[in-house]
Amino acid sequence: MIEKQSILEIRHLKKDFGTHQVLKDISFSVFGGDVISIIGSSGSGKSTLLRCINFLEEPTEGTILYRGKDAETLNRAEYHSKVGMVFQSFNLFANMSVLANCTAGQKLVLHRDGKEAEDKALYFLSKVGMDAYRNARPGQLSGGQKQRVAIARALAMDPEVLLFDEPTSALDPEMVGEVLSVMRTLAEGGLTMLVVTHEMSFARDVSSRVIFMDQGVIAEDGDPHEIFTAPKQPRTREFLSRIL
Amino acid sequence: MPTTFWGWVSLLLEKYGPLFWNGTLYTMLIAISGTVIGFIIGLLVAIVRTIPVSPKASIVKRWGMKLISFLLNVYIEVFRGTPMIVQAMVIYYGAMMYLGLRMQALGAAIFIISINTGAYMAEIVRGGIISVDKGQKEAAHAIGMTHWQSMLHVVLPQAVRNIMPSIGNEFVVNIKDSSVLNVISVSELFFIGKSAAGTYARYFEAFFIIAAIYFVLTFTVTRLLRLLEKKMDGGRNYTICGSQSDSEATITIHPEGDVPND
Ligand SMILES: Nc1ncnc2c1ncn2[C@@H]1O[C@H](COP(=O)(O)OP(=O)(O)OP(=O)(O)O)[C@@H](O)[C@H]1O
Ligand SMILES: [Mg+2]
């Protein structure tokens, strides 16, 4: 049998902040088409895990393999364009229009010409329903609109994996739906996603796999249906009973 | 000889009008050059001081950066911690006596005010850089931009925009404080005031004129800067382009100006 190659493989990842061990020993693989929800209580290290995968934090120990190659040895810009990130606080470039937000990376990092970058940006902006706002500034948009633009900005780089760190947590309740529905569409379209979320309905209904983190380790990793109906670990059960 | 205050004022204006005018030009030239060059110095210093040094970098690079940043700190502290009038004397006469360099007064004045302003600007620009939300820099890195790309395209444009009021303020301060450079005999306004007053010993009238000129300059510049800021704050409106995917697409809000692309 030929083993399917992973897009990302995390091996024995550890991260300390001073004496505080935030990630203790994390290993897992991400395959093409996976939609992985990462759940767990506050402070369990979910954001730190995503930030280490994207090298926004330098891992203390361990390796991250991108298609079998040590990501540290790869060109950072290239790796970043393959592994995109959507933040809780949107982080749109405030000095640029919506369109420029989506073209800047393409031009500067992927060296696409202006026309190609714009076409691509508009394609993804229309996918998230924001192409009409192409000339608006981030400051003129609602939270949900900003997050949809941030998603389009990440998609325009043609990433192979998109990391989401609580993309709806900073939103007013009435805007959560519009962002989740975009993410649902992306998942159905086959995009590989790693989503830290407190939206249990998304984790249960949309993702293909759920990782439950507790105190810096992966406590449980498996099929969403199984985890939500019959968690193996007592601490998973305890967490779910608290949150559901 | 005039017997009234206004009589003296008009006599001085008549006799020294062109001199006052020249002094005004010198003052403005020194203040503008000092602010522009000082801003460039401050920008460069702040950029250098915010270069990230990874702990994995070579020891030479890490110590090199430490040394550079120490020297820049010394520069900032010394020039902010001593009066410009003293700096002028030390530099001008120091260069003359120990380097055998006889600086031309105007050049020396611009040099002194520039490095003095640079020390203040370095801190202002650094504040501006810090004021830009860290998340945007992370987002820039997350799509693969390098430190320099994110600085150039994301952080600095916003930092500079945020510190515009402080830059304007430095300019106004420079219009006034360039007066201390009269100690190196550059013919800016204060120096002209002294010369004009000397002939008839009419210090009050001469410096009344000088004060009025300074006030007109700073008042005008302050208003102009405020206008400029308002203009930069504009572009709050935008046009929603036609689209099938958005129900609000028919709404058109006319922008005040073009929304710049980058
Ligand atoms: N830069 C940092 N310096 C020091 N400690 C940090 C840093 N970033 C995170 N931590 C600590 O690491 C732990 C895990 O943080 P992390 O943000 O990864 O948790 P999380 O699971 O994402 O929580 P939440 O659900 O609240 O977002 C926390 O105790 C936090 O205080
Ligand atoms: Mg978090």
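Scroll up for the structure.
Residues numbered from 1 in each chain as written. Chains lettered and ligands numbered in written order. Predicted model: local features only at pLDDT ≥ 70, side-chain atom pairs only at ≥ 80, totals over all residues. Heavy atoms only, no water.

Undergrad: Help me understand the overall build of chain A in this model?
TA: Helices and strands together make up the secondary structure of chain A, namely 9 helices and 10 strands. Taking 244 residues into account, the globule formula puts the C-alpha radius of gyration at 18 Å, and chain A, at 18 Å, falls close to it. Projected onto the principal axes, the alpha-carbon positions of chain A cover approximately 50 × 45 × 45 Å. For chain A, the residues scored as buried account for 58% of the 244 residues in total. Expressed as a percentage of contacts within chain A between residues at least 6 apart in sequence, the contacts between residues at least 24 apart total 66%. Surface accessibility of chain A: about 9,900 Å² in total, with carbon and sulfur atoms responsible for 48%. Averaging the locations of the 28 positively and 32 negatively charged side chains of chain A gives two centres separated by 2 Å. (Helix = DSSP H or I, 4+ residues; strand = E, 2+ residues; numbered from the N terminus. Rg over C-alpha atoms; globule rule 2.2 N^0.38 Å. Buried < 20%, exposed > 50% of the residue type's maximum accessible area, 1.4 Å probe, protein only. Contact = heavy atoms within 4.5 Å. Areas by Shrake-Rupley, 256 points an atom, 1.4 Å probe, with all protein chains shown as cover. Lys, Arg positive; Asp, Glu negative; His and termini not counted. Charge placed at Lys NZ, Arg CZ, Asp CG, Glu CD.)

Undergrad: Explain the nonpolar core to me, please; I cannot follow it from the model alone.
TA: One recurring pattern in soluble globular proteins: nonpolar side chains tend to sit buried together. Residues and elements named next belong to chain A. Judged by nonpolar contacts, the single largest core of 43 residues is most densely connected at L8, I53 and Y79. Once residues within four sequence positions are removed from consideration, Y79 is found in contact with L8, I53, F55, I64, Y66, A71 and L74. Core analysis: the next-biggest nonpolar cluster, separate from the first, contains 39 residues, V98, F124, V128 and F202 among them. (Core = buried A, V, L, I, M, F, W, Y, C linked by side-chain atoms within 4.5 Å.)

Undergrad: Even after reading the chapter, I still don't get helix α9 (residues 234-243) of chain A, so can you show me in this structure?
TA: Side chains three or four residues apart in an α-helix point the same way, a direct result of the helix having 3.6 residues per turn. Residues and elements named next belong to chain A. Among the residues of α9, T236, F239 and L240 are the ones counted as buried. Viewed end-on, α9 has its buried residues packed into an arc of 95 degrees, placing them on one side of the element. Exposed positions of α9 whose direction lies more than 90 degrees from the buried face are P234, S241 and R242. Looking at the buried residues of α9, the elements they touch are β3 (35-40), α7 (200-205), β9 (209-214), β10 (217-222) and α8 (224-229). (Arc of directions from axis to C-beta.)

Undergrad: So what exactly am I meant to see when it comes to the side chain of E205(B) here?
TA: Position of E205(B) among the secondary structure elements: in helix α8 (residues 203-233). The contact partners of E205(B), leaving out residues within four places of it in the chain, are F5(B), W8(B), V9(B) and L12(B).

Undergrad: Before we go on, may I ask you to explain the side chain of T27(B) in this structure?
TA: Summarising the element assignment, T27(B) is placed in helix α1 (residues 5-49). The contacts of T27(B), once residues within four sequence positions are left out, are I175(B), S178(B), E188(B), L189(B), Y214(B) and L217(B).

Undergrad: Looking at this structure, I do not really get the site of ligand 1. What am I missing?
TA: Residue and element names in this part refer to chain A. Neighbouring ligand 1 are 13 residues, the closest being S42, G43, K46, S47 and T48. Within the contact set of ligand 1, an oxygen atom lies 2.7 Å away from a side-chain nitrogen or oxygen of K46. H198 places a polar side-chain atom, nitrogen or oxygen, 3.5 Å from an oxygen atom of ligand 1. Considering every element that reaches the shell around ligand 1, the biggest residue donor is helix α1 (residues 46-53), with 3 residues. (Near = heavy atom within 4 Å. Polar contact = N/O pair within 3.5 Å; in protein donor to acceptor, adjacent residues only side chain to side chain.)

Undergrad: Which parts of the structure should I look at to understand the environment of T197(A)?
TA: Residue and element names in this part refer to chain A. Inspection of the secondary structure puts T197 in the loop between β8 (192-196) and α7. On the basis of relative accessibility, which here comes to 3%, the residue T197 falls in the buried class. Taking the C-alpha atoms as reference points, T197 and V176, separated by 21 residues in sequence, lie 12 Å from one another. Once residues lying within four places of it in the same chain are set aside, the contact partners of T197 are S37, I38, I39, F202 and A203.

Undergrad: Looking at this model, I keep getting lost on the packing of helix α3 (residues 98-108) of chain A against helix α5 (residues 143-155) of chain A. Mind explaining?
TA: When two helices pack together, their arrangement is given by the angle between their axes and by how far apart the axes lie. Residues and elements named next belong to chain A. In contact at an axis separation of 8 Å, α3 and α5 are set at 25 degrees when each is read in the N-to-C sense. Here α5 runs roughly parallel to α3, going by the angle between their axes. Here α3 runs over α5; the crossing is right-handed. Contacts between α3 and α5 pair V98, N101 and C102 from the former with V149, A152 and R153 from the latter. Across the contact of α3 with α5, the residue classes tally to 4 nonpolar, 1 polar and 1 charged. (Axes fitted to C-alpha atoms, helices over the stretch in contact; angles between N-to-C directions. Parallel < 35°, antiparallel > 145°, perpendicular 65-115°, else oblique. Left-handed = near helix turned anticlockwise from the far one by under 90°. Nonpolar A, V, L, I, M, F, W, Y, C, P; charged D, E, K, R; others polar.)

Undergrad: Mind showing me how you'd approach the pairing of β10(A) here?
TA: Note on strand geometry: in a regular strand, side chains alternate between the two faces of the sheet. All names here are of chain A. Pairing geometry for β9 and β10, over 5 bridges, is antiparallel. Bridge pairing in β10 places I211 opposite D221. Where β9 folds back on β10, the antiparallel hairpin that results is connected by 2 residues, among which Q215 adopts a positive phi of roughly 45 degrees. (Pairing = 2+ DSSP bridges.)

Undergrad: Before we go on, may I ask you to explain α1(A) in this structure?
TA: Burial analysis of α1(A) places 7 of its 8 residues in the buried class, which makes it a mostly covered element. Within the sequence span of α1(A), burial applies to K46(A), T48(A), L49(A), L50(A), R51(A), C52(A) and I53(A).

Undergrad: Just to check I follow, could you spell out the packing of aromatic side chains for this structure?
TA: Where two aromatic rings form a pair, the distance of their centres and the angle of their planes describe that pair. Enumeration over the complete set of coordinates arrives at 14 aromatic pairs over all chains. With centroids separated by 5.3 Å and ring planes inclined at 40 degrees, the aromatic side chains of F5(B) and F204(B) adopt a geometry described as tilted. Linking F5(B) in helix α1 with F204(B) in helix α8, this pair joins segments that are 199 residues apart in sequence. Relative accessible area serves as the criterion here: at 23%, F5(B) is assigned to the partly exposed category. Grouping aromatic residues by their ring pairs yields a cluster made of F5(B), W6(B), F204(B) and F208(B). Note that R153(A) overlies the ring of F93(A), its terminal NZ or CZ placed 4.5 Å from the centroid. K66(B) extends its terminal NZ or CZ atom over the ring of W63(B), reaching a point 4.9 Å from the ring centre. (Phe/Tyr/Trp six-rings, centres within 6.5 Å; stacked < 30°, edge-to-face > 60°. Lys NZ or Arg CZ within 6 Å of the ring centre and 35° of its normal.)

The analysis is restricted to geometry; functional conclusions fall outside its scope.
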